[in-house]
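Per-entry structural report
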There are 2 protein chains.
Amino acid sequence: MTTRTAAQRRQEAKVAYDAFLATCPARQLLDAISDKWVSLVLNALSGGPRRYSDLDRIIAGVSQKMLTQTLRSLERDGLVERTVTPSVPVRVDYALTDLGRDLQVLMLAIKSWAEGNIEQVRDAREAYDARSGG
Amino acid sequence: MTTRTAAQRRQEAKVAYDAFLATCPARQLLDAISDKWVSLVLNALSGGPRRYSDLDRIIAGVSQKMLTQTLRSLERDGLVERTVTPSVPVRVDYALTDLGRDLQVLMLAIKSWAEGNIEQVRDAREAYDARSGG
DNA sequence: CCGTATCCTGCGTGATACTG
DNA sequence: CAGTATCACGCAGGATACGG
């Protein structure tokens with residue numbers, strides 16, 4: 001047996017894992033969270049628990065399939081908690097876990113960056129396209 | 001004509017754009033950067049300019065096609081600058097722009113989070129799978 | 001209301017070969 | 001060295017219908 005605690009193992013992990021390596025578990029986790037729906041779902045939950053139908057409405061354009069699939073994946077990874085209230089009709093709420101909130105803060109920064117810099121990106125695209133086209 | 005400067009327009013953008021809306025340009029930008037290769041490429045460039053072949057080596061498992069495609073997209077969006085040195089054989093370097101460095105800092109946080117929390121996620125997955133399986 | 005099941009399409013992705 | 005071109009494949013992802 002090992003004498004290391006879980007916390008100690010996690011500390012080592014910060015140097016032991018390298019997302020640049022294709023076979024590294026951290027790379028696969030990075031792939032999983034680098035998903036177009038993940039940041040939207042996490043940010044939609046930033047204000048507190050939300051019902052499934054709320055999320056469906058907040059995140060415009062998501063299909064039932066992708067919303068459910070993303071929520072299941074986040075729940076399995078321990079980022080989101082699912083609570084079922086056995087009323088009629090049934091009510092399901094989703095909430096961020098502590099781990100999920102950690103990531104949500106980072107994802108909010110990404111989302112805000114996109115919203116705040118889209119104009120510069122648009123200018124860059126026009127310049128690039130003009131160069132290529134001309 | 002408008003009297004607003006480009007900087008002023010960008011300031012307004014921070015409230016005018018909403019990535020939750022499917023048709024919003026910011027949503028499309030968020031989709032573009034929520035790509036599994038984008039964070040790896042940006043972080044691979046964090047230490048300074050890199051040659052194409054360097055990137056190919058650093059980012060294990062990426063195909064030529066996806067690497068080129070990702071670099072082109074980042075270049076078009078003004079996040080990466082491409083420099084060709086007409087030697088024989090030709091040498092091509094990629095570097096972050098100021099805008100790209102902004103985003104890279106955020107992406108590094110995501111990558112580090114993945115590397116530092118994979119063990120907790122792994123534990124969560126095992127618990128979830130045990131619950132479903134049992 | 002909150003999903004799951006099924007079908008179907010297309011595009012993301014990799015492999016391979018070729019070019020300047 | 002740094003791509004481009006072409007092909008082939010799988011599965012992501014949407015639409016629809018049904019179920020608890």
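One structure accompanies this document, and this report is about it. Predicted, not measured: the structure shown is a model, and the values here were computed from it. (Residues numbered from 1 in each chain as written. Chains lettered and ligands numbered in written order. Predicted model: local features only at pLDDT ≥ 70, side-chain atom pairs only at ≥ 80, totals over all residues. Heavy atoms only, no water.)

1. Some words on the packing of aromatic side chains
Under the defined criterion, the tally for this structure stands at zero aromatic pairs over all chains. Sitting above the plane of the Phe20(B) ring, Lys111(A) keeps its charged end 4.4 Å from the centroid. (Phe/Tyr/Trp six-rings, centres within 6.5 Å; stacked < 30°, edge-to-face > 60°. Lys NZ or Arg CZ within 6 Å of the ring centre and 35° of its normal.)

2. Re the sheet that holds strand β2 (residues 80-85) of chain B
One key point about sheets: their strands pair by backbone hydrogen bonds, in either a parallel or an antiparallel sense. Residue and element names in this part refer to chain B. If you trace the three strands from one edge of the open sheet to the other, you get β1-β3-β2, paired in antiparallel fashion. In this open sheet, the two strands that pair with only one neighbour each are β1 (50-51) and β2. Where β2 meets strand β3 (residues 91-96), six bridges bridge the pair, whose relative direction is antiparallel. Counterpart to Val80 in the pairing with β3 is Leu96. Relative to the sheet, helix α5 (residues 64-76) contacts β2 and β3, its axis offset from that of β2 by approximately 110 degrees. (Pairing = 2+ DSSP bridges. Helix = DSSP H or I, 4+ residues; strand = E, 2+ residues; numbered from the N terminus. Contact = heavy atoms within 4.5 Å. Axes fitted to C-alpha atoms, helices over the stretch in contact; angles between N-to-C directions.)

3. Quick notes on the sheet that holds strand β3 (residues 91-96) of chain A
Residues and elements named next belong to chain A. Taken together, the three strands give an open sheet; going across it, the order is β1-β3-β2, and neighbouring strands pair in antiparallel fashion. Strands with a single pairing partner mark the edges of an open sheet, and in this sheet they are β1 (50-51) and β2 (80-85). With two bridges connecting them, β1 and β3 associate as antiparallel partners. Residue Arg50 lies in a different strand from β3, and its bridge partner there is Tyr94. Sitting on the sheet, helix α5 (residues 64-76) touches β2 and β3, and the angle it makes with β2 is about 110 degrees.

4. Some points on the nonpolar core
Soluble, globular proteins show a tendency: their nonpolar side chains are buried together. Ranked by internal contacts, the top residues of the largest apolar core, which has 69 residues, are Ile33(A), Ile59(A), Trp113(A), Ile33(B) and Trp113(B). Contacts of Trp113(A), omitting those with residues within four sequence positions, involve Val121(A), Leu29(B), Ile33(B), Leu79(B), Leu99(B), Asp102(B), Leu103(B) and Leu106(B). (Core = buried A, V, L, I, M, F, W, Y, C linked by side-chain atoms within 4.5 Å. Buried < 20%, exposed > 50% of the residue type's maximum accessible area, 1.4 Å probe, protein only.)

5. Let's talk about unusual backbone geometry
Omega for the bond connecting Val88(A) with Pro89(A) falls within 30 degrees of zero, at 0 degrees, which places this linkage in the cis form. Here Pro89(A) shows up in the loop between β2 and β3.

6. What about the interface of chain B and chain A?
Each partner contributes residues to the interface: chain B has 57 residues there, and chain A has 57 residues. Surface buried jointly by chain B and chain A totals about 5600 Å² across both partners, of which 65% is contributed by carbon and sulfur atoms. Sorting the residues of chain B by area buried against chain A places Phe20(B), Arg76(B) and Trp113(B) first, and these three jointly supply 15% of that buried surface. For Asp77(A), the salt bridge goes to Arg125(B), with nearest N and O atoms at 2.6 Å. Elements that contribute at least two residues to the side of chain B that touches chain A include exactly α1 (6-16), α2 (25-33), α3 (38-44), α5 and α6 (98-133) of chain B. In terms of residues, the side of chain B that touches chain A owes the most to one element, α6(B), which gives 22 residues. A per-class count over the side of chain B that touches chain A returns 30 nonpolar, eight polar and 19 charged. (Buried area = accessible area lost by both parts, 1.4 Å probe. Salt bridge = Lys/Arg side-chain N within 4 Å of Asp/Glu carboxyl O. Nonpolar A, V, L, I, M, F, W, Y, C, P; charged D, E, K, R; others polar.)

7. With respect to the protein's contact with DNA strand D
Inspection of the region around DNA strand D gives 16 residues, with Lys65(A), Met66(A), Ser53(B), Arg82(B) and Tyr94(B) positioned closest. Counted by atom, the contact set of DNA strand D within 4 Å of the protein is 68% sugar and phosphate. Ser53(B) places a side-chain nitrogen or oxygen 2.7 Å from a phosphate oxygen of DNA strand D. If you list the elements that add at least two residues to the surface near DNA strand D, you get α5 of chain A together with α4 (52-58), α5 and β3 of chain B. (Near = heavy atom within 4 Å. Polar contact = N/O pair within 3.5 Å; in protein donor to acceptor, adjacent residues only side chain to side chain.)

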